[in-house]
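# An overview of the molecular structure
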Amino acid sequence: MSSLSLKHIYKKYPGGVTAVSDFCLDVKDKEFIIFVGPSGCGKSTTLRMIAGLEEISEGELYIGDRLVNDVAPKDRDIAMVFQNYALYPHMTVYDNMAFGLKLRKVPKDEIKRRVEEAAQILDIAHLLERKPKALSGGQKQRVALGRAIVRNPQVFLLDEPLSNLDAKLRASMRTELTKLHSKVGTTFVYVTHDQVEAMTMATRIVVMKDGFIQQVDTPQNLYDLPVNKFVAGFIGTPQMNFIDCVLEKKGDDLFLNFADNTLKLPEDKANNPALKEYIGQTVILGIRPENISDNEETVAKCPDTSIECTVDVTELMGAEIYLYLAFNGKEDVIEEGKNVIARVSARSSSRTGDKIKVAFDMTRSHIFDKDTEKCICH
């Protein structure tokens, strides 16, 4: 059993600084859990507490059924892969991978078998006699992973292991890590600030901010059902658009008004009882760039959710185009004076300076409380 349980974990430093607050998480056997969040949110500190490199101020940490708060790092049956690889420069790849096993006085033939097996899995068997200075960044990363694999730990801990690699190599290493997780069949706990890594590799993602867990869920649920504005904005590229609107009722219908623009809410959202207490108040509309269309047929079919705007900037991304749109009164309502971004087909004819109409797919919209920033309805 390589499950992991964190119960009401706190990390407090002298001077009243609390880096992690009331962290509760149960990690199932063989899960690939990723902690994600901006710099300083407490994700690496939490990982280091699991490793035993940081003392836990309050709470209980279990690996399997064993309470390990006071267990030394070497006795926790975990292996950690660091951001800077932490390889010994004077040792060969083989010796780097074997080092931990030699310290544990594992028999030589067993060390040889484990190292060669890990080298085959990671495709570095041809590098075993080289020293780290003769390796590329990706090869060093594989050696660091290999050193962890040979120990057959209950839990793998990975602290931003891909951050030193170039974009192309990062993409290929993401795939390799996913394959490795399947082959090794153990629990992975991974820290990154890159939400693309989190979305592509994790079975579940823990989104953190200011030392607190914001949401724990599958990648798809985080994307489709964010619990608050922070999670909605953090997950997804480009990020979700946020617009301050006044919620108004006309007959049986609900509308969102911003400046001179009106968007009708679909029936299922209009009937949501949670929205009733917000009528006449300012709320935040959240809508993802792919749910805004400049397709003429779509606009014609959606007169109640189409708005005129000006294209400020276009970014051709190859398979798609990002349109940066300015609406009437945008300075008042769009967060921090930002444009609304639409993600449209590469065949779009919209160009910088054009006045166009775009349709909002309000069935995919999210509405947030202006003060608490919690999601009122999806």
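Quick look at the structure, then. (Residues numbered from 1 in each chain as written. Predicted model: local features only at pLDDT ≥ 70, side-chain atom pairs only at ≥ 80, totals over all residues. Heavy atoms only, no water.)

In terms of regular secondary structure, the protein is built from 11 helices and 21 strands. Considered along the principal axes of its C-alpha atoms, the protein spans approximately 80 × 45 × 35 Å. For the protein, the accessible area works out to roughly 17,900 Å², and carbon and sulfur atoms hold 48% of it. Taking the average place of the 49 positive charges on the side chains of the protein and the average place of its 54 negative ones, the gap between the two points comes to 8 Å. (Helix = DSSP H or I, 4+ residues; strand = E, 2+ residues; numbered from the N terminus. Areas by Shrake-Rupley, 256 points an atom, 1.4 Å probe, with all protein chains shown as cover. Lys, Arg positive; Asp, Glu negative; His and termini not counted. Charge placed at Lys NZ, Arg CZ, Asp CG, Glu CD.)

Here we come to the side chain of Arg-114. As for its position among the elements, Arg-114 is in helix α3 (residues 108-122). Given a relative accessible area of 18%, Arg-114 falls into the buried group. Ignoring any residue separated from it by four or fewer positions in sequence, one finds Arg-114 in contact with Leu-101, Val-150, Arg-151 and Asn-152. (Buried < 20%, exposed > 50% of the residue type's maximum accessible area, 1.4 Å probe, protein only. Contact = heavy atoms within 4.5 Å.)

Moving on, we get to helix α2 (residues 93-103). Because an α-helix completes one turn every 3.6 residues, residues spaced three or four positions apart along the sequence face the same direction. Residues of α2 that are buried: Val-93, Tyr-94, Asn-96, Met-97, Ala-98, Gly-100 and Leu-101. In this structure, the buried side of α2 is in contact with α3 and α4 (137-149). At the C-terminal side of α2, Lys-105 shows a positive phi close to 60 degrees.

Across five bridges, strand β1 (residues 4-13) lies against strand β4 (residues 58-63) in antiparallel orientation. Within the sheet, the bridge partner assigned to Tyr-10 lies in β4 and is Glu-58. By the bridge criterion, seven bridges tie β1 to strand β2 (residues 17-27) in an arrangement that is antiparallel. Note that in β2 the partner of Leu-4 across the bridge is Val-27. Joining the antiparallel neighbours β1 and β2 is a turn of three residues, in which Gly-15 adopts a positive phi near 95 degrees. (Pairing = 2+ DSSP bridges.)

Strand order in the open sheet made by the six strands is β13-β12-β11-β14-β20-β21, with antiparallel pairing throughout. Here the strands that pair on one side only, and so sit at the sheet edges, are β13 (261-264) and β21 (375-377). Across the sheet, the mean angle from the axis of one strand to that of its neighbour is 45 degrees, orientation sign disregarded. (Axes fitted to C-alpha atoms, helices over the stretch in contact; angles between N-to-C directions.)

Spatially, β6-β7-β8-β3-β9-β10 is the arrangement adopted by the six strands of the open sheet, whose pairing is mixed. Where the open sheet ends on each side, the last strands, each with one partner, are β6 (78-81) and β10 (212-217). Put simply, the sheet's adjacent strands are angled 15 degrees from each other on average, direction ignored. Two elements, strand β7 (residues 155-159) and strand β8 (residues 187-192), share five bridges in a ladder whose sense is parallel. Paired with Leu-157 across the bridge in β8 is Val-189.

These values are about where atoms sit, not about what they do.
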